[in-house]
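# Summary of the model geometry
Below, each chain spelled out in residue letters.
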Amino acid sequence: MIVYDKLFIGGAWTAPSSPDLLEIRSPHDRSVLGRVAQAAPQDIDRAVAAARAAFDDGPWPRTDPKERQEIIRRLNALREARADEIAAMISAENGSAGWFTKMGQPFLTRQINSYLKAAEEFGWEEIVDPSDPEAPYDTIVRREAIGVVAAVIPWNSPFSAAMAKLTPALLAGNTVVLKTSPENSLSMMMLAELFAEVGLPEGVLSILPADRETSEYLVSHRDVDKIAFTGSTRAGRRIASIAGEQLKRVSLELGGKSAAIILEDADLGKVTQGLKFGSLANNGEACILQTRILAPRSRYEQVVAALKELVESLKVGDPADPDTFVGPMIRPDQQERVISYIKVGIEEGARLVTGGTHIPAGLESGNYVTPTLFADVDNGMRIAQEEIFGPVLAVIAYDDEDDAVRIANDSEYGLSGGVWSADPDRALEIARRVRTGTLTINGSPMSFDGPFGGYKASGIGREYGKVGLTGYVEHKTITRVRRVHGSAD
């Protein structure tokens, strides 16, 4: 059993305010994996005070950007050296299949490198070309750190969510208090171990597992300057209200109910192979997954049959088994939530093609759900409008391309989506009409060089690349009268 009885506060392992440790249980068989200290409001006060002092009086915000970049490179190298160990721990805690957590490690390298490239090219201070060449002054634009950042992340992809916020925040010179989910306490303490090695100045970073109430205490703290949150839309609305009351900077990466539009000319073999990952990765517990499958009426039953074959082919089981594609839900209440939505789909009149409310045979001791496919789904049904966060797909018929775009846009969310066609240019035209932050064509991998985030209730702000880095700086404009030739100094 792994035990972490201290918290990582301001770069130091510190005794928590409460000696009680939380048991971390396996989603696979509910056995105890380890015990970890959890932060309380008193610990948040200590972490924020350390971050405030490090920002106001410490060297980090005034460090050369190249030195900050070098620390992130060292951190990334340390993470890569422990990639297999990290992937195994995330699988054990989350129930994410091993193939997914292992694939996530090189994805993390790409994600971090996108921020490093942006930081290398960033105009931390620059003189702007004047719109009026006769103006007697220079305009200097500085991009400076915001201050103390409260970063709050969910449990489903902990390292990715953490580094999506820590990397740009630290590169820009901010100090950070990262609040992680209790479920990820073990893997996030591994992240703390990595940061303990890289040599951040005192106070710059704290990594604290804690419950929802402590999270609200953190984001409400008067010494926090920016909130960076990934999680549910419901929680995002609460955080936005707090940020609005206190005029804090805020970025929110929230939920999704994304559509995959299958055009009439699409190759169904390629579609199903792509949607295996685009709709069902990470046990269906990912905000970007394309869980509404929009199929043309002319090929509707073909699409349903192809997806049925796909869903029934997926091995469900122990995430440590290399043949497993779908592991357990992270907690018993999440298992119950997903099963309740399957019941809702049946009650709403959708056709249950495969799957259902039964637990897969032999897996009753874990938080398992049978991957489920619904057909004859109306887009107004709850299973088409609400984020289920599990391996449940809904196939919706459309009449023509305009109808497909209308249905795709008929959602409070706008985070992701995809278009499938034998004609990439045609697919691109459709993608341009869908109101969502990220789209892929024919299963293309997501780019970390472009901004990531959502329209509508899927969030505020963007992550990754230059746009993501910009979310962690303030812009200062300084005008300076040009020296006139021959004037006195």
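Treat the numbers as computed from the prediction; the structure is a model and nothing was measured.

## Comments concerning the UniProt feature "domain: Aldehyde dehydrogenase" (unreviewed entry) in the protein chain
In the UniProt entry, the feature "domain: Aldehyde dehydrogenase" (unreviewed entry) is given for residues 13-478. The straight-line gap between the two end C-alpha atoms of residues 13-478 is 41 Å; of that span, 41% is helix and 21% is strand.

## Focus on helix α5 (residues 158-171)
For α5, with 14 residues, the first-to-last C-alpha span of 20 Å sits near the 20 Å given by 1.5 Å per residue. Here α5 lies mainly inside the structure; 13 of its 14 residues are buried. Once α5 ends, the next one or two residues include Gly173, with phi positive near 95°.

## Side note on the sheet that holds strand β5 (residues 32-37)
A sheet is described by the order of its strands in space; here three strands give the open sequence β1-β5-β4, paired in mixed fashion. What marks the edges here is a single partner per strand, and that holds for β1 (2-4) and β4 (21-25). This sheet shows a mean twist of 20° between the axes of neighbouring strands, independent of strand direction.

## Some remarks on the nonpolar core
Leu166, Leu191, Phe195 and Ile207 are the most contacted members of the largest nonpolar core, which totals 60 residues. Elements represented by at least two residues in this core include exactly α2 (65-81), α3 (83-94), α4 (98-121), β8 (148-152), α5, β9 (175-180), α6 (185-198) and β10 (205-209). Aside from chain neighbours lying at most four places away, what touches Ile207 is Phe8, Leu178, Thr180, Met188, Met189, Leu191, Ala192 and Phe195. Core analysis: the second largest hydrophobic core is formed by 35 residues, Phe100, Leu275, Ile293 and Val353 among them.

## Examining the side chain of Ser421
Here Ser421 is to be found in the loop between β19 (417-420) and α14 (424-433). Its relative accessible area of 5% is what places Ser421 among the buried residues. Engagement of the side chain of Ser421 in a polar contact is seen with the side chain of Asp265, the distance being 2.9 Å. Dropping the residues within four chain positions of it, Ser421 is found in contact with Leu263, Asp265, Ala266, Arg426, Ala427 and Asn442.

## Digging into the UniProt feature "active site" (unreviewed entry) in the protein chain
In this structure's numbering, the residues bearing the UniProt feature "active site" (unreviewed entry) are Glu253. Its location among the elements puts Glu253 in strand β12 (residues 249-253). Beyond its immediate stretch of four places on either side in the chain, Glu253 contacts Phe229, Thr230, Gly231, Cys287, Leu415, Phe452, Ser458 and Glu463.

## Thoughts on the packing of aromatic side chains
Counted according to the given criterion, the structure contains twelve aromatic pairs. Ring plane angle 85° and centroid distance 5.3 Å describe the contact between Trp99 and Phe277, whose orientation is recorded as edge-to-face. With Trp99 in helix α4 and Phe277 in helix α9 (residues 268-278), this pair connects stretches of sequence that are 178 residues apart. Given the relative accessible area of 35%, Phe277 is considered partly exposed. Judged by centre distance (5.7 Å) and plane angle (85°), the rings of Trp155 and Phe389 are edge-to-face. Here Trp155, found in the loop between β8 and α5, pairs with Phe389, found in the loop between α12 (382-385) and β17 (392-398); they are 234 residues apart in sequence, far enough to count as distant. Residue Trp155 shares its accessibility class with Phe389, and that shared class is buried. Every member of this aromatic cluster is reached through a ring pair, and the members are Phe107, Tyr115, Phe448, Phe452 and Tyr464. Lying over the aromatic face of Trp124, Arg68 brings its terminal NZ or CZ to 5.6 Å of the ring centre. Between the NZ or CZ atom of Lys226 and the centre of the ring of Tyr472, over which it lies, the distance is 4.7 Å.

## A closer look at the packing of α4 against α5
Angle between the axes and distance between the axes are the two parameters that describe a pair of packed helices. For the pair α4 and α5, interaxial distance at closest approach is 10 Å and the crossing angle is 15°. With respect to each other, α4 and α5 are oriented roughly parallel. The handedness of the crossing between α4 and α5 is right-handed. Residues Leu108, Gln111, Ile112, Tyr115, Leu116 and Ala119 of α4 form the contact with α5, whose own contacting residues are Phe159, Ser160, Met163, Ala164, Thr167, Pro168 and Leu171. Partitioned by chemical class, the residues of the contact of α4 with α5 number ten nonpolar, three polar and no charged.

Procedures and definitions
- Along each chain, numbering runs from 1 in the same order as the chain's sequence is written.
- Local features in a predicted model are, by the rule used here, given only for residues with pLDDT of at least 70; side-chain atom pairs are given and counted only at 80 or more, and totals for whole chains, interfaces and linings are based on all residues.
- The basis for every side-chain value is the complete set of heavy atoms in the structure, and neither hydrogens nor water enter the calculation.
- UniProt positions are given in the numbering used here, feature names are shortened, and annotations may be inferred rather than shown by experiment.
- Put simply, DSSP H or I for four residues or longer makes a helix, DSSP E for two residues or longer makes a strand, and each gets a number counted from the N terminus.
- Multiplying 1.5 Å by the residue count of a helix minus one yields the expected span of that helix.
- Categorising residues by exposure relies on relative accessible area from a 1.4 Å probe, with only protein chains included: less than 20% of the type maximum marks a residue as buried, more than 50% marks it as exposed, and the intermediate range marks it as partly exposed.
- Following DSSP output, two strands are said to pair if at least two bridges run between them.
- Working convention: axes come from line fits to C-alpha atoms, limited for helices to the stretch in contact. Angles between N-to-C directions cover 0 to 180 degrees.
- For this analysis, a nonpolar core means a set of buried residues of the types Ala, Val, Leu, Ile, Met, Phe, Trp, Tyr and Cys, connected via side-chain atoms within 4.5 Å.
- Residue contacts follow a heavy-atom distance rule, with two residues in contact if any of their heavy atoms lie within 4.5 Å.
- Pairs of N or O atoms are called polar contacts if they sit within 3.5 Å, as long as, within protein, a hydrogen donor faces a hydrogen acceptor (for residues adjacent in sequence, only side-chain-to-side-chain pairs).
- Any Phe, Tyr or Trp ring, taking Trp's six-membered ring, that has another such ring centre within 6.5 Å forms a pair; planes under 30 degrees apart are called stacked, those over 60 apart edge-to-face, and the others tilted.
- In this scheme, the term charge over a ring applies when either NZ of a lysine or CZ of an arginine sits within 6 Å of the ring centre and within 35 degrees of the ring normal.
- Note on terminology: angles under 35 degrees are roughly parallel, angles over 145 are roughly antiparallel, angles of 65 to 115 are roughly perpendicular, and the others are oblique.
- Left-handed is the label given to a crossing in which the near helix is rotated counterclockwise from the far helix by less than a right angle, and right-handed is the label when the rotation is clockwise.
- Here the nonpolar group is Ala, Val, Leu, Ile, Met, Phe, Trp, Tyr, Cys and Pro; Asp, Glu, Lys and Arg are the charged ones; every other residue, Gly included, is treated as polar.

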